[in-house]
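Descriptive analysis of the structure
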Amino acid sequence: MTTSTDIAPDTKVYEALASAFRAEDTDVLFALLGDGNMHFASSLTTSGVRGVYARHEHCACAMATMYANATGKVGVASVTCGPGLTQTMTALATAVQAGIPLVVFAGESPIKAAFYNQHIDQAPLVVATGAHYIAGRSLERMTDYVRDAFFIARTERRPVVLGVPLDVQQLTLAAQAPYRPSTDFIPQFSKDLPNPVDVDKAIDAIKAGGKVVVIAGKGVLRSGAETECEQLADACGGMLATTLPVRGMFDHHPFGLGISGGYARAAGRKLLLEADVVVAVGTSLNNFTADSGKLFKNTKIIQVDTRPVGLKHGRKAADIYLHADAKEGLKAILNRLPSVLPAKGWRSEAVAAEIADQAADRTEFVSQPDVVDPRDAVAAIDRVIPKDWEIVNSSGHCAYFAAQLRGRRPENFNVIREFGAIGNGLSYAIGVAVAKPDKTIVLLDGDGSLMMHAQELETVRRLGLRLLICVLNDGAYGSEIHKMHADGISDEGAVFGRGDLAAMARGFGLRGAKITGLDQFPMLFEAFRDTGQAELWDIHIADNVTTPVMRAHAHK
Ligand SMILES: Cc1ncc(C[n+]2csc(CCOP(=O)(O)OP(=O)(O)O)c2C)c(N)n1
Ligand SMILES: [Mg+2]
């Protein structure tokens, strides 16, 4: 369907730009204002787009990033030129690594000024992050720049920054052709069907191998192929696993192993290491899922994906490629899979019992006073928080513990951690809350990560969000101290003490509680549910409980 929007003659450039953004289906603008973007932002929000104002430009972009991830739309943010833009570098690189479509309107210093204190050459900075930069200088092409920005964001799934000099924004446009949004130009394809020759190769490999694991990624969710994944695993007597972003997809299945990769549960990891054949569906099978090559060393890998790339993160992704939509690829395999396979797989009651063990890692550590084991803290959170609430997971050492929540659908688990930056938890939680206004959000974050952008607690209060912030507080940069200890160097610079984060939250107008024992969770949960106001739980966790990923580092 072709849609077009009229832009009246004698419109100011900033108004025409805002009008084009609206025509691109922008419904929320995440912004921090300055000379370079205030007219644009004001024009956009007075015409009905919701403005969400952050306290740091990085956070505005990070909110838009998670908003895009949670809605499937293009995230839209705006920052001023110069210092506004330089603040966004980490957010842009993060969105690039995670393949998130984002359009950032940045403004640029005035083109006619002989001197402007905030001038900086913006394009090289943006391009260095892997994002695309559009310098909007021609009046004739002004709204085309918006279309191009959204087109690139949508088709290449990456951030695009549009910079328009602030004096140019004040010029008046002559009559314009009606605006046609980027979606009018994006070709619509039918689903990719697999080539039968490749299907035969996949079937031969499945027939020859004994122990099969079907690993599902985001493509399975997009194409609705969960049932087919289970059917294939059932037919082979095999196991099911997922990538981190769709964790929880097979938690109901007796042979669902959980996450494949560094975040695997102990029982899952043991079985993943035994696999003869992996059918990786709707996933690029990247470095995280293969645990940096520690998994699947001698495993035959069949990849079913719409964009198989072959070499992923420096490693051969698979041996056999089915270039296909996840559901179509699996249906083709299932249709031609012999009903009786020569090998029966490796399902048994004993294996099912091992998988059902609720503990991801049973390693013992010396107990410490007045703190809780982070594994027990996450289990306690899992018991009290309803399964359909939105979970937001952050980065840092504690992210492993938070990923071990069970029985929660991947649609309710919000995680972006490809770039590994800390400091995004609050912004991501706000992005989800804006995307899903009827839901209650639970953020699990580290103390170091929270402190990096604690100013956004003010945004949480101002927006009146239903947000529970669970801080796994070890009083340190846990990721760093454990590695520093393992490497035999001083941990100076990575230990801060636990502080009083509950009081800090109260200072921002939120509710706050300190947790030092597991018995506190049920009562605190009831109070949170009943008040519905944003609250921070400062959970004092033991600082000596390490994750399997961290212990693997120690053995390097
Ligand atoms: C922006 C950024 N700066 C520094 C780092 C290095 N780093 C990785 S994890 C981490 C510590 C995070 O501390 P916290 O949020 O308390 O989580 P913990 O590791 O203690 O569980 C740091 C500093 C990073 N990943 N990203
Ligand atoms: Mg910490």
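Note that residues are indexed from 1 along each chain, following the sequence as it is written. Each chain takes a letter, starting from A, and each ligand takes a number, starting from 1, following the order in which they are written. Local features in a predicted model are, by the rule used here, given only for residues with pLDDT of at least 70; side-chain atom pairs are given and counted only at 80 or more, and totals for whole chains, interfaces and linings are based on all residues. Excluding hydrogens and water, the side-chain values take into account all heavy atoms of the structure.

Glancing now at the sheet that holds strand 7 (residues 159-163). Pairs of strands are assigned from DSSP output, requiring at least two bridges between the strands. For the purposes of this entry, the term helix denotes a DSSP run of H or I that reaches at least four residues, the term strand denotes a run of E that reaches at least two, and both are numbered from the N terminus. Pairing within the open sheet is parallel, and its six strands lie in the order 3-2-4-5-7-6. Looking at the sheet topology across the chains shown, the edges are occupied by strand 3 (50-53) and strand 6 (132-135). The mean inter-strand angle of the sheet, taken between neighbouring strand axes irrespective of direction, is 25°. The contact rule is simple, with two residues in contact once any of their heavy atoms fall within 4.5 Å. Every axis corresponds to a line fitted to the C-alpha atoms, with the helix fit spanning only the stretch in contact, and the corresponding angles, defined between N-to-C directions, vary from 0 to 180 degrees. Lying over the sheet, helix 5 (residues 89-98) contacts strand 5 (102-105) and strand 7, oriented at roughly 140° with respect to strand 7.

Only N, O and S atoms count as donors, using a 2.8 Å cut-off from the metal and 3.2 Å for Na, K and Ca, and because water is excluded some sites may appear unfinished. Asp447 (OD), Asp474 (OD) and Ala476 (O) make up the full set of protein donors to the magnesium ion (ligand 2), lying at 2.1 to 2.2 Å. Spacing between the donor residues of the magnesium ion (ligand 2) along the chain follows D-x26-D-x1-A. Exposure class is identical for Asp474 and Ala476. Each is buried. Remark: exposure states derive from per-residue accessible area (1.4 Å probe, protein chains only) relative to the maximum for the residue type, with buried under 20%, exposed over 50%, and partly exposed in between.

What the domain assignment reports for the protein is domain 1 (13-184), domain 2 (196-356) and domain 3 (374-554). Between the C-alpha centres of domain 2 and domain 3 there is a distance of 31 Å. With 16 residues of domain 2 at the contact, the number on the domain 3 side is 17 residues. Carbon and sulfur atoms supply 50% of the area buried between domain 2 and domain 3, which totals about 1,500 Å² over both sides. An automatic or database domain assignment provides the domain bounds reported here. Once two parts are brought into contact, the accessible area they lose, counted with a 1.4 Å probe and summed over both, makes up the buried area.

Next up on the list: the nonpolar core. Here, nonpolar core refers to any group of buried Ala, Val, Leu, Ile, Met, Phe, Trp, Tyr and Cys residues whose side-chain atoms link them within 4.5 Å. Grouped together as the largest cluster of nonpolar side chains are 55 residues, with contacts concentrated most on Phe30, Leu467 and Ile469. In terms of residue count, the dominant contributor to this core is helix 3 (residues 57-71) (10 residues). Three or more residues apiece are contributed to this core by two domains, here domain 1 (13-184) and domain 3 (374-554). Once you skip the residues sitting within four places of it in the chain, Phe30 turns out to touch Val52, Ala60, Met63, Ala64, Tyr67, Val76, Ala77, Ser78 and Val434.

Reading across the sheet, the six strands line up as 11-10-9-12-13-16 and stay open at both edges, with parallel pairing between neighbours. For this open sheet the edge positions go to strand 11 (256-259) and strand 16 (320-323), each flanked by a neighbour on one side alone. Across the sheet, the mean angle from the axis of one strand to that of its neighbour is 15°, orientation sign disregarded. Relative to strand 12 (residues 277-281), strand 9 (residues 212-216) is paired through five bridges, and the arrangement is parallel. Within strand 12, the position partnered with Val213 by the bridge is Val278.

Let's shift gears to the pattern of salt bridges. Here, a salt bridge means any side-chain nitrogen of Lys or Arg that lies within 4 Å of a carboxyl oxygen of Asp or Glu. Applying the stated criterion across every chain yields a total of 36 salt bridges. Across the pair Glu390 and Lys436 runs a salt bridge whose closest N-O atoms are separated by 3.2 Å. Note that Glu390 is positioned in strand 17 (residues 390-393) and Lys436 in the loop between helix 16 (425-435) and strand 19 (441-446), a separation of 46 residues in sequence. You'll find Glu390 and Lys436 in the same group, each marked buried. Residues participating in the shared-partner salt-bridge network are Arg55, Glu458, Arg461 and Arg462.

All right, on to the site of ligand 1 then. Any residue with a heavy atom positioned within 4 Å of a molecule or strand is treated as near that molecule or strand. What surrounds ligand 1 is a group of 17 residues, the closest being Asp447, Gly448, Ser449, Gly478 and Glu480. Each polar contact in these results corresponds to two N or O atoms within 3.5 Å; when the atoms are within protein, one needs to be able to donate a hydrogen and the other to accept it, and residues that are neighboring in sequence are counted only if both atoms are side-chain atoms. The separation between an oxygen atom of ligand 1 and a polar main-chain atom of Gly448 is 2.7 Å. One of the backbone nitrogen or oxygen atoms of Ser479 is found 2.9 Å away from an oxygen atom of ligand 1. Accessible surface area values rest on a Shrake-Rupley calculation with a 1.4 Å probe, where residue burial reflects the displayed protein chains alone. The fraction of the free accessible surface of ligand 1 (580 Å²) that becomes covered by protein chains is 78%. Looking at the shell around ligand 1, the elements that each hand over two or more residues are helix 17 (447-452) and helix 19 (478-486). Lys, Arg, Asp and Glu make up the charged group, whereas Ala, Val, Leu, Ile, Met, Phe, Trp, Tyr, Cys and Pro make up the nonpolar group; the residues left over, Gly among them, are polar. Of the residues contributing to the shell around ligand 1, the split by class is six nonpolar, eight polar and three charged.

Here we take up the packing of aromatic side chains. Note on aromatic pairs: the rings of Phe, Tyr and Trp (six-membered ring only in Trp) are paired at centre separations within 6.5 Å, and the planes decide the class, stacked below 30 degrees, edge-to-face beyond 60, tilted for the rest. Considering all chains together, one arrives at 11 aromatic pairs under this definition. Taken together, a centroid distance of 5.7 Å and an interplanar angle of 85° make the contact between Tyr263 and Tyr400 edge-to-face. Of this pair, Tyr263 sits in the loop between strand 11 and helix 11 (266-272) while Tyr400 is found in helix 15 (residues 399-402), placing the two residues 137 residues apart along the sequence. Tyr400 shares its class with Tyr263; the two are buried. Three or more aromatic residues joined by ring pairs form one cluster here, namely Phe21, Phe40, Phe105 and Phe150. Looking at Arg147, its charged tip hangs above the ring of Phe185, at a distance of 5.0 Å from the centre. Consider the ring centre and the ring normal. A charge sits over the ring if Lys NZ or Arg CZ is within 6 Å of that centre and within 35 degrees of that normal. Residue placement shows Arg247 over the ring face of Phe413; its charged tip is 4.4 Å from the ring centre.

What follows deals with helix 13 (residues 349-356). Along an α-helix, residues three or four positions apart point the same way, because every turn accommodates 3.6 residues. Turning to helix 13, its buried residues are Val351, Ala352 and Ile355. Along the long axis of helix 13, the arc covered by the buried residues comes to 100°, so they all point the same way. Across helix 13 from its buried face, at more than 90 degrees, point the exposed residues Glu349, Ala350 and Ala353. In the core, the buried residues of helix 13 are packed alongside strand 10 (239-242), strand 11 and helix 11. Arc, as used here, means the arc of the directions from the helix axis to the C-beta atoms.

By the criterion of burial, helix 16 is predominantly enclosed, with 11 of the 11 residues buried. Every buried residue belonging to helix 16 is among Gly425, Leu426, Ser427, Tyr428, Ala429, Ile430, Gly431, Val432, Ala433, Val434 and Ala435, and all of these are buried.

This part is about the side chain of Asp361. Among the structural elements, Asp361 can be located in the loop between helix 13 and helix 14 (374-384). For Asp361, a relative accessible area of 10% gives the class buried. At 3.1 Å, the side chain of Asp361 forms a polar contact with the side chain of Arg551. Those residues in contact with Asp361 that sit more than four places away from it in its chain are Arg375, Tyr400, Thr546, Pro548 and Arg551.

What follows deals with the pairing of strand 3. Pairing analysis gives four bridges linking strand 2 (residues 28-31) to strand 3, with the strands arranged parallel. Looking across to strand 3, one finds that Ala31 is bridged to Tyr53. Crossover connection from strand 2 via helix 2 (residues 38-46) to parallel strand 3: handedness right-handed. Handedness is read with the strands pointing away from the viewer; a crossover is right-handed when the path from the first strand over the helix to the second is clockwise.

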